[in-house]
Number of protein chains: 4
Amino acid sequence: MAASTEGPFCIADFETLAKPKLSKAVYDFIQTGANDCVTLRDNITAFRKYALRPRMLSNVSDVNLTTTIQGQQVDSPVGISPVSYGKMVHPDGELALVRACQESGTCYIRSTHATRSLDELARAAPTGVKWYQLFLFKDRNTTLRLVRQAEDSGYSALVLTVDTAVTGHRVADLNNQFKLAPHIRLVDIESDKAVREEYSRLEAETGIGAMHYLNAQVFDTSITWEDAKWLKQNTRLPVIIKGILTAEDARIAITYGMDGIVVSNHGGRQLDGVMAAIDALPDVVKVVNGRCEVYMDGGLRTGVDVLKALALGARAVFVGRPAMWSLAYNGQSGVRRMLQIFRDELKIAMMLAGVDSVKHLPENLVVKNCGCCSRL
Amino acid sequence: MAASTEGPFCIADFETLAKPKLSKAVYDFIQTGANDCVTLRDNITAFRKYALRPRMLSNVSDVNLTTTIQGQQVDSPVGISPVSYGKMVHPDGELALVRACQESGTCYIRSTHATRSLDELARAAPTGVKWYQLFLFKDRNTTLRLVRQAEDSGYSALVLTVDTAVTGHRVADLNNQFKLAPHIRLVDIESDKAVREEYSRLEAETGIGAMHYLNAQVFDTSITWEDAKWLKQNTRLPVIIKGILTAEDARIAITYGMDGIVVSNHGGRQLDGVMAAIDALPDVVKVVNGRCEVYMDGGLRTGVDVLKALALGARAVFVGRPAMWSLAYNGQSGVRRMLQIFRDELKIAMMLAGVDSVKHLPENLVVKNCGCCSRL
Amino acid sequence: MAASTEGPFCIADFETLAKPKLSKAVYDFIQTGANDCVTLRDNITAFRKYALRPRMLSNVSDVNLTTTIQGQQVDSPVGISPVSYGKMVHPDGELALVRACQESGTCYIRSTHATRSLDELARAAPTGVKWYQLFLFKDRNTTLRLVRQAEDSGYSALVLTVDTAVTGHRVADLNNQFKLAPHIRLVDIESDKAVREEYSRLEAETGIGAMHYLNAQVFDTSITWEDAKWLKQNTRLPVIIKGILTAEDARIAITYGMDGIVVSNHGGRQLDGVMAAIDALPDVVKVVNGRCEVYMDGGLRTGVDVLKALALGARAVFVGRPAMWSLAYNGQSGVRRMLQIFRDELKIAMMLAGVDSVKHLPENLVVKNCGCCSRL
Amino acid sequence: MAASTEGPFCIADFETLAKPKLSKAVYDFIQTGANDCVTLRDNITAFRKYALRPRMLSNVSDVNLTTTIQGQQVDSPVGISPVSYGKMVHPDGELALVRACQESGTCYIRSTHATRSLDELARAAPTGVKWYQLFLFKDRNTTLRLVRQAEDSGYSALVLTVDTAVTGHRVADLNNQFKLAPHIRLVDIESDKAVREEYSRLEAETGIGAMHYLNAQVFDTSITWEDAKWLKQNTRLPVIIKGILTAEDARIAITYGMDGIVVSNHGGRQLDGVMAAIDALPDVVKVVNGRCEVYMDGGLRTGVDVLKALALGARAVFVGRPAMWSLAYNGQSGVRRMLQIFRDELKIAMMLAGVDSVKHLPENLVVKNCGCCSRL
Ligand SMILES: Cc1cc2nc3c(=O)[nH]c(=O)nc-3n(C[C@H](O)[C@H](O)[C@H](O)COP(=O)(O)O)c2cc1C
Ligand SMILES: Cc1cc2nc3c(=O)[nH]c(=O)nc-3n(C[C@H](O)[C@H](O)[C@H](O)COP(=O)(O)O)c2cc1C
Ligand SMILES: Cc1cc2nc3c(=O)[nH]c(=O)nc-3n(C[C@H](O)[C@H](O)[C@H](O)COP(=O)(O)O)c2cc1C
Ligand SMILES: Cc1cc2nc3c(=O)[nH]c(=O)nc-3n(C[C@H](O)[C@H](O)[C@H](O)COP(=O)(O)O)c2cc1C
């Protein structure tokens, strides 16, 4: 690990570097959480409740960050969460994200709200591990059409986000009257002609209102586990459920034959006041008990955070805002650097903790630290 | 829920918007708590100790906020707590409150310290759910006269406030020498001629002293459960006890045949250093065990807070300061907007938590989160 | 309780009001604690961990603050802790303290470090309850002489302070090179001629060094429980031990026949990093189990704090800094006002908690509130 | 203890006094921790979780700070941790450290990264207790040569640091492009000719990169317990393991015949997110159960902290940053003063806690204080 002599050197710096590149409304859109942003902050600070218990004098000269997810090999357990509106922060949009992930040998999850088509991204990073994150369209045919595109162009898993029955109450966006610039086109949504026309009309009229309203029109907010089953039956790809926070729901996911779970509270953007993502992870891992792979996202900002999440049972983790910040800051190479920092920090953390592979973590590597005073 | 494009968008904003409309003394009077204001702050922050455990993929296309309280239907479980001196913050005074409640299909509790008569308010909102909050007069005949008025003009329950044996030690009011402007008349108190004269005399002389002193003269500070029983025996309306914080008192309330309990610490204005209202709720709910309806007020500022209170067993909740702020900010339409935000936020929170009715909340919807570090 | 219309209205205000009357060094001397001042702050904030559980609708029209301590009646359970150097903050010195206590019907504890003689104070407040706080002189005859004076002039108990084997490490005083002005004479210490001469010599030379050094010379830092026994055997007055923090020591105090215990950490001025006084109280109360009276001091700033201390088993409480601040602010009448505020606030707190006598407090009036988040 | 009348009077002051003497990069290098510096802060604040339970009226006229470590007598249980690059902060470098330790009768641990040779330091403080802290060189002969020098010149123990398989991720150093000035020579590393040449070359080229890179080249990052055993077999000195945080590793250390353990997280500079050093101590002490001596370092800033560490089972403690600060501030006499303050504060704390010897501490002298609220 010959350290680069040029910054940034930590994930937090990307936030700072992104700020001058973005309008206030866009910056806030990325940053904010729902309501009082309690969960947003919790996602980050909850990691401090878990103390690593490092072991010494185990040989760590050969540390291995390679693992498999859904049977595919990745060189790092830190991938990119689905994030919307890539072009909003950088002209390359999702192209930069998918390419940086391919270069870094890690997984990219493309959002239904992407601004570059499934196909275009697949061509840009043909050998990268790519998953497709879905919201179900009311018109199931649109969904099926997109699923087929994903299958055909080399996406290797579907990620069904289930925590968005309605858009979270994000006060900053409302105050900013956040709306997309006209050139930001949501290619999946607009792949349906009728939808495209309705969307353009409303957008012109009401801005953010249109967006939320249309979301409510286009996507199915009344989906149930039967719909997850339907999706599973209608694709040859593994289906992963994103947005689970309870053991109860994890158990149901297993019953319905799901192939993976992303423990997530959507980065604190949906329901405020829920458990921090890292706090929700152990229960899910326990009930799943190896029957499918469990991932998590939310609040990861250092390699130390990543190691804690892995130690608590996540097979891999994903990051949302760091992707947006690094994209805004410097496109593909910014994103690559961000992923590199996570790798480097994770590797250092593993060496110092006496861990030589992300696949085999010792028991008791973390302990819940209730000594809250020590944080003050 | 087509989101309005005009603010305010959250309850906290009303506080900011009210400030320039009020004198410092009046603003402080609303804001303050007793002594060190520890309970005042606790009421709000204690909600963060409870984490919601949202369930996914239950159909939430049809979310129902309707419930009944004391047998009457309301369209929202968020009503308005009894607050004094309506005209002090807006010329319409309580008229704006009761009308906004009627429009919003929710419950209005009129204070004994109101500045508009029982009758006037009843006429202004004939179909709204209205309750009458009582302090017992030393002269029980005055009380009976007012109870009769309430019964006759359509109030549907009596709320006996029991946490005011003496006014709390509110330092800000003492420093501000808070007193009412001459045109603010406490119509219930002054409905008795002798009292009216004495009150006017003292008020002219000593300001706030007069108010407290007269309160001590006019109201009965030595009431006991026998008086609650007397009230119950002397009205055909249900009697609700407001200001209970312990399981012991809740048990007694049941024994005395009370019809409802408002778990409340008077918004931290009476005895400082008591449990936060939300922390007191579960014990009361448990001991009551369905034998009467349990409500709560204190510190609710988002729909997420409301959902937590309902999940912990409150049948409905009430808000005090938000009513005063929204009234000060923009009269009836301000209050309506405030109630609307609570509705909207609650609905979003329910959808995201997988809850479709305020009447049937799943077990384990909240968990006490002792992970205090995560808040820092 | 006809509220006064003139301030101050809370104890914290005396701190502010005292500041402009004092030099920085003197102000700091009063304010500071040892080392990092952790215990100093804890003494105050620890009260927040205990939540009052108020009971409603018990008749509180007749609230009684009268109690007895060591068999003598006091009108308020809030007395004044021994504090040194009265004349340093006000020309009247301890005269103002003892007179205000007599007027308020509460107990005054005179320090060995007082600047007015036992006799002078006794004559100034002949009917007040007065105790004499002792440090043991190396020369036990000096001690015996002072004890006789105390007995003869009407002091009714001896308070042996046991937490001062050495002066605490108070960084502020060291930085300020704190020393007494020449006119401040420590009358007890100087009652011995040899000591007086040595003290004057050293004082002139080295300031604070002299004070600490002389303390080490004059007082016996090697005392043990046998010395407490000796004191008890050599006086007809009850002997109270001040500065106990553990159940173990309380048990020994009982064995040695002590008549009372003041749970105290010397206001955080001696050993930093110990339990807050209020946190130490319950263990002592439990082990003592009524075999002697238990008092406490440290961090009491409101009537609510007082009620919590009484609920946790203190028979009476004492205040140190509030005495110094109010003395500095306005002499005797300042001190009287300070004691009055404690009385008023305590009375209000009792009424609101449903408590009618400081002598009979209900079980479960306080609960330890581990919900730390709610304070943030 | 005739208090000095000249400051500084507490350890924290040395930090302030050192700042103007150092470049930002050097100041930061000393100050910083890894990643988010969570453990750095925890090391200090965690002491607040432990409350001392002082005992009164035990005779403390004769307090003894003398103890033995590895069979040698020291006059104070507070020694100096191994710290690198002494000349970077003061021209005397480690000479000042070792001399001040000898004067103070306490233990000095010389780092492999020292800027003065083993020999030079030994000559400067021939009678002082000196230990030699080792990183193992890839070329074991270099290590053996240095061990022989240490043995021959009077070092009495070897301290094998085991928490540095790689340098921690210290963001401040990366941002500052921290590098050593040319005149700072790492005498142990450069004692090997080949290494010296390679080091000089790289240093000229890449600054900090070189340092880390070379560290990786020169030192063995793949060492295991077998290497600790090898060291033990190749020296007549006791071998102490520095950097243990878990009971598991402590148990192994015992199995491998180690003579002592320093519970340490390297002052929060290596793996962030681990337990505070003081929090890790009790488990290690328990499992070791007297089979070797246990020491600790990390976050000690007052005599109160020292007493807590001793009470939790440390035989002696060490301080790192205070050594660097006091050295920067005023060379040998600064360091002597720093050690003196620790002694004085510890002595005062012991007297006030009723403890008369650092060798015999009563049971229950500290209690874990979970009352976190009291710190706010
Ligand atoms: C700007 C932004 C847009 C997002 N868009 C989506 C999305 O389209 N689909 C989705 O499932 N999650 C979306 N998320 C949530 C992320 O996938 C992820 O759960 C979250 O960002 C993780 O938290 P972190 O930002 O703290 O890493 C979005 C998050 C952000 C910040
Ligand atoms: C300005 C003000 C006046 C109040 N007046 C009354 C009253 O007359 N009667 C009563 O029972 N409670 C009164 N309360 C208490 C409220 O009914 C309610 O318990 C409290 O405000 C709830 O807390 P919240 O303000 O945090 O919502 C008053 C509260 C405020 C803020
Ligand atoms: C300025 C000052 C002087 C004190 N002098 C004495 C003293 O002479 N003897 C004694 O036993 N305690 C002395 N104390 C301690 C007090 O008796 C008492 O324990 C402490 O002040 C209580 O804490 P509080 O200041 O928070 O009320 C002194 C305290 C202060 C603040
Ligand atoms: C500037 C600096 C240099 C250090 N160099 C070394 C070293 O060379 N070898 C070592 O074992 N520890 C080293 N440490 C760690 C210390 O030995 C010690 O574990 C740590 O400083 C204790 O924490 P404290 O600084 O809070 O007292 C260093 C620490 C600092 C601050």
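Residues numbered from 1 in each chain as written. Chains lettered and ligands numbered in written order. Predicted model: local features only at pLDDT ≥ 70, side-chain atom pairs only at ≥ 80, totals over all residues. Heavy atoms only, no water.

Caption draft 1: The arrangement of the pairing of strand β7 (residues 157-161) of chain D in detail. All names here are of chain D. Of all five residues in β7, five are buried; the element is thus mostly enclosed. Of the two faces of β7, the one carrying Ala157, Val159 and Thr161 and the one carrying Leu158 and Leu160 are both buried. In the classification by handedness, the crossover that spans strand β6 (residues 130-134), the intervening helix α7 (residues 140-153) and the parallel β7 is right-handed. In terms of strand pairing, β7 meets strand β8 (residues 239-244) through four bridges, oriented parallel. Residue pairing across strands places Leu160 opposite Ile241, the latter belonging to β8. (Buried < 20%, exposed > 50% of the residue type's maximum accessible area, 1.4 Å probe, protein only. Helix = DSSP H or I, 4+ residues; strand = E, 2+ residues; numbered from the N terminus. Right-handed = clockwise from strand over helix to strand, strands pointing away. Pairing = 2+ DSSP bridges.)

Caption draft 2: Quick look at the interface of chain B and chain A. Each partner contributes residues to the interface: chain B has 35 residues there, and chain A has 45 residues. Three residues stand out in chain B for area buried against chain A, namely Met56(B), Leu57(B) and Leu352(B), and they jointly supply 22% of the buried area on that side. On the surface where chain B and chain A come into contact, there are two salt bridges. A salt bridge links Asp249(A) to Arg55(B), with the nearest nitrogen and oxygen atoms 2.8 Å apart. (Contact = heavy atoms within 4.5 Å. Buried area = accessible area lost by both parts, 1.4 Å probe. Salt bridge = Lys/Arg side-chain N within 4 Å of Asp/Glu carboxyl O.)

Caption draft 3: The site of ligand 1, seen in detail. All names here are of chain A. With respect to spatial proximity, 23 residues lie near ligand 1, and among them Pro82, Ser111, Thr161, Asp297 and Gly320 are the closest. His266 places a side-chain nitrogen or oxygen 3.2 Å from a nitrogen atom of ligand 1. Measuring from an oxygen atom of ligand 1, one finds a side-chain N or O atom of Asp297 at 2.7 Å. Within the complex, 98% of the 600 Å² of free accessible area of ligand 1 lies under protein. (Near = heavy atom within 4 Å. Polar contact = N/O pair within 3.5 Å; in protein donor to acceptor, adjacent residues only side chain to side chain. Areas by Shrake-Rupley, 256 points an atom, 1.4 Å probe, with all protein chains shown as cover.)

Caption draft 4: Structural detail: the interface of chain D and chain A. With 45 residues of chain D at the interface, the matching set in chain A holds 35 residues. When chain D packs against chain A, the two sides together hide about 3,500 Å² of surface, and 65% of this comes from carbon and sulfur. The tally of links between chain D and chain A comes to two salt bridges. Taking the shortest distance from any N to any O, the salt bridge between Glu248(D) and Arg53(A) comes out at 2.8 Å. Across the chain D-chain A interface, the total number found is seven residue pairs in polar contact (both at pLDDT 80 or more). Counting only elements with at least two residues in the side of chain D that touches chain A, the list comes to α3 (38-45), α8 (171-176), α11 (225-233), β8 and α12 (247-255) of chain D. Residues belonging to the side of chain D that touches chain A are distributed by class as follows: 19 nonpolar, 17 polar and nine charged. (Nonpolar A, V, L, I, M, F, W, Y, C, P; charged D, E, K, R; others polar.)

Caption draft 5: Quick look at the relation of the copies chain B and chain A. Rotating chain B by 90° and translating it 0.0 Å along the rotation axis places it on chain A, where the RMSD comes to 0.0 Å. Taken together, the rotation and translation relating the two chain copies correspond to the operation of a four-fold axis. Mapped onto chain A, only 11% of the interface residues of chain B again fall at the interface, so the copies present different surfaces. (Least-squares fit on C-alpha atoms with pLDDT ≥ 70 in both.)

Caption draft 6: Expanded view of the side chain of Glu345(D). With respect to the helices and strands, Glu345(D) occurs in helix α15 (residues 321-353). Nearest to the buried, unbridged Glu345(D) among oppositely charged side chains is Arg337(D), at 8.7 Å. Setting aside chain neighbours within four positions, we find Glu345(D) in contact with Asn35(C), His169(C), Phe9(D), Cys10(D), Arg301(D), Thr302(D) and Gly303(D). (Lys, Arg positive; Asp, Glu negative; His and termini not counted.)

Caption draft 7: The arrangement of the pattern of salt bridges in detail. Summed over the entire model, instances satisfying the criterion amount to 64 salt bridges over all chains. Residues Asp279(C) and Lys49(C) are paired through a salt bridge, measuring 2.5 Å at the closest nitrogen-oxygen approach. Linking Asp279(C) in helix α13 (residues 277-288) with Lys49(C) in the loop between α3 (38-45) and β1 (50-52), this pair joins segments that are 230 residues apart in sequence. With respect to burial, Asp279(C) and Lys49(C) carry one shared label: buried. The partner of Glu103(C) in a salt bridge is Arg336(C), and the shortest N-O contact between them spans 2.9 Å. Of this pair, Glu103(C) sits in helix α5 (residues 94-104) while Arg336(C) sits in helix α15 (residues 321-353), placing them 233 residues apart in sequence. Judged by its relative accessible area of 32%, Arg336(C) falls in the partly exposed class. One continuous salt-bridge network, built from bridges that share partners, spans Arg140(A), Asp220(A) and Asp227(A).

Caption draft 8: Molecular detail of helix α12 (residues 247-255) of chain C. Residues and elements named next belong to chain C. Where α12 is concerned, the buried positions are Ala247, Asp249, Ala250, Ala253 and Ile254. On an axial view of α12, the arc spanned by its buried residues comes to 160°, and they lie on one face. Here the buried face of α12 lies against α11 (225-233), β8 (239-244), β9 (260-263) and α13. In the segment just after α12, Gly257 is the residue with positive phi, at about 75°. (Arc of directions from axis to C-beta.)

Caption draft 9: Examining the packing of aromatic side chains more closely. The tally for this structure, following the rule as stated, stands at 40 aromatic pairs over all chains. An aromatic cluster is built from Phe29(A), Tyr85(A) and Phe178(A), whose rings are joined through pairwise contacts. Looking at Arg269(C), its charged tip hangs above the ring of Phe29(C), at a distance of 4.8 Å from the centre. (Phe/Tyr/Trp six-rings, centres within 6.5 Å; stacked < 30°, edge-to-face > 60°. Lys NZ or Arg CZ within 6 Å of the ring centre and 35° of its normal.)

Caption draft 10: Quick peek at the relation of the copies chain D and chain A. With an axial shift of 0.0 Å and an RMSD of 0.0 Å, the rotation relating chain D to chain A amounts to 90°. When the interface residues of chain D are mapped onto chain A, a mere 9% of them again fall at the interface, so the copies present different faces.

Caption draft 11: Broad picture of the state of the cysteines. By the definition in use, this model includes zero disulfides over all chains. Not part of a disulfide, Cys37(C) finds its nearest cysteine sulfur in Cys10(D), a span of 9.9 Å. For Cys101(C), which is in no disulfide, the shortest distance to another cysteine sulfur is to Cys107(C) and amounts to 7.2 Å. (Disulfide = S-S within 2.5 Å.)

Caption draft 12: Structural context of the site of ligand 3. Residues and elements named next belong to chain C. Taken together, 24 residues sit near ligand 3, with Pro82, Ser111, Thr161, Asp297 and Gly320 positioned nearest. Between ligand 3 and Ser111 there is a distance of 2.6 Å, counted from an oxygen atom to a side-chain nitrogen or oxygen. In the model, an oxygen atom of ligand 3 is placed 2.9 Å from a nitrogen or oxygen of the Arg321 main chain. Look at ligand 3: alone it shows 600 Å² of surface, and the protein chains cover 98% of it. Those elements that place two or more of their residues in the shell around ligand 3 are α2 (24-31) and α15. For the shell around ligand 3, a count of residues per class yields seven nonpolar, twelve polar and five charged.

Caption draft 13: Summary view of the nonpolar core. One finds Met296(A), Met296(B), Met296(C) and Met296(D) to be the most contacted residues of the largest nonpolar core, which totals 481 residues. If we skip the residues at most four places from it in the chain, Met296(B) touches Phe47(B), Val262(B), Val263(B), Ala277(B), Ile278(B), Leu281(B), Ala309(B), Ala314(B), Ala316(B), Val317(B) and Phe318(B). (Core = buried A, V, L, I, M, F, W, Y, C linked by side-chain atoms within 4.5 Å.)

Caption draft 14: Region of the structure containing helix α13 (residues 277-288) of chain D. Residues and elements named next belong to chain D. With twelve residues, α13 extends 16 Å between its outermost C-alpha atoms, agreeing within 8% with the 16 Å of an ideal straight helix rising 1.5 Å per residue. Buried within α13 we find Ala277, Ile278, Asp279, Ala280, Leu281, Val284, Val287 and Val288. Two residues or fewer past α13, Asn289 is found with a positive phi of approximately 55°. (Expected span 1.5 Å × (residues − 1).)

Caption draft 15: Looking closely at the environment of Tyr85(C). Locating Tyr85(C) in the fold gives a position in the loop between β4 (78-80) and α4 (86-89). For Tyr85(C), a relative accessible area of 4% translates into the label buried.

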